Amino acid sequence: MPLSDLTIRPYDPQDCDDLLAIWLAASRLGHAFLGENTLLQQQLIVRDVYLPQAENHVALVGHIPVGFIGLLDCFIGGLFVAPAFHGRNIGRSLVEHVSPLKPWLELEVYAANPLAPSLYRKLGFHEISRRAKDDDGRPFELIRMRRG
């Protein structure tokens, strides 16, 4: 389907299974260094905590979810696009969709993620800090970035 069919709408709980599949497929690319067991454990947290608590917006091509962004106030808790749709500006479209809703946006991204840091720089985010360990105390450096 052409991306002229791209729409963005609020999350519906019926989207959960589709978004979890997108999250896992994209995380296997961007967060492979965490290992499959960790990703599967995190997927349950995404299902049980993040999707219900975040302000989520879903990108669709036709009626098929292809990506989503989750906000906790002005913090992007997650931006994930189905790998088959990478490079088609869906991530950019999601960020541009939520930008007018917030005075600024911040996020944290793993420095070891092969895709995300450069994507966020292209979207106008700049680094404001780093920390050596992630939220679970693992030795994976996180970059905090801000836009606006």
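We now turn to the structure provided with this report.

Calculation notes
Residues numbered from 1 in each chain as written. Predicted model: local features only at pLDDT ≥ 70, side-chain atom pairs only at ≥ 80, totals over all residues. Heavy atoms only, no water. Helix = DSSP H or I, 4+ residues; strand = E, 2+ residues; numbered from the N terminus. Buried < 20%, exposed > 50% of the residue type's maximum accessible area, 1.4 Å probe, protein only. Contact = heavy atoms within 4.5 Å. Salt bridge = Lys/Arg side-chain N within 4 Å of Asp/Glu carboxyl O. Pairing = 2+ DSSP bridges. Core = buried A, V, L, I, M, F, W, Y, C linked by side-chain atoms within 4.5 Å. Axes fitted to C-alpha atoms, helices over the stretch in contact; angles between N-to-C directions. Expected span 1.5 Å × (residues − 1). Bend = angle between axes of the 7 residues up to and from the residue.

**Here we look at the overall build of the chain**
From N to C terminus, the chain includes four helices and seven strands. Oriented by its inertia axes, the alpha-carbon framework of the chain measures out at about 40 × 35 × 25 Å. Taken across its 148 residues, the chain has 43% of its residues classed as buried. Counted over contacts in the chain with a minimum sequence separation of 6, partners at least 24 positions apart contribute 58%.

**Considerations on the pattern of salt bridges**
Scanning all chains against the criterion turns up 14 salt bridges. Here Arg 28 makes a salt bridge to Glu 36, at a shortest N to O gap of 2.4 Å. The residue Arg 146 makes a salt bridge to Glu 106 at a minimum N-O spacing of 3.0 Å. Here Arg 146, found in strand S7 (residues 142-147), pairs with Glu 106, found in strand S5 (residues 105-110); they are 40 residues apart in sequence, far enough to count as distant. Salt bridges sharing common partners tie together Glu 106, Glu 108, Arg 131, Asp 135, Arg 144 and Arg 146.

**Observations regarding the pairing of strand S3 (residues 64-72)**
Of all nine residues that make up S3, seven are buried, and the element is covered over most of its length. Examined bridge by bridge, S3 and strand S4 (residues 75-81) share six bridges and lie antiparallel to one another. By the bridge assignment, Leu 72 is partnered in S4 with Phe 75. Linkage of S3 to S4, two consecutive antiparallel strands, is achieved through a turn of two residues, within which Asp 73 is found at a positive phi near 60 degrees.

**Considerations on the nonpolar core**
Most often, soluble globular proteins keep nonpolar side chains buried together rather than apart. With 40 residues, the main nonpolar core has Ile 76, Tyr 120 and Phe 125 as its most contacted residues. Examining the composition of this core, we find that seven residues originate from one element, helix H1 (residues 16-30), more than from any other. Setting aside chain neighbours within four positions, we find Ile 76 in contact with Ile 69, Gly 70, Leu 71, Leu 105, Glu 106, Leu 107 and Phe 125.

**Regarding unusual backbone geometry**
In this model, Asp 73 sits at a positive phi of 60 degrees, which is unusual for a non-glycine residue. Within the secondary structure, Asp 73 sits in the loop between S3 and S4.

**Overview of the sheet that holds strand S6 (residues 126-131)**
With respect to topology, seven strands assemble into an open sheet ordered S1-S2-S3-S4-S5-S7-S6, the strand pairing being mixed. What marks the edges here is a single partner per strand, and that holds for strand S1 (6-10) and S6. Here the strands of the sheet are splayed against their neighbours by 30 degrees on average, with no regard to which way each runs. Sheet contacts for H1: strand S2 (55-61), S3 and S4; angle to S3, the most-contacted strand, approximately 85 degrees.

**Points about helix H2 (residues 36-53)**
Look at H2: 25 Å from first C-alpha to last across 18 residues, which is about the 26 Å you get at 1.5 Å a residue. The largest bend in H2 amounts to roughly 45 degrees and is located at Val 46. Considered for burial, the residues of H2 that qualify are Thr 38, Leu 39, Gln 42, Gln 43, Val 46 and Leu 51. Structurally, H2 contributes buried residues whose contacts are with H1, S2 and S3.

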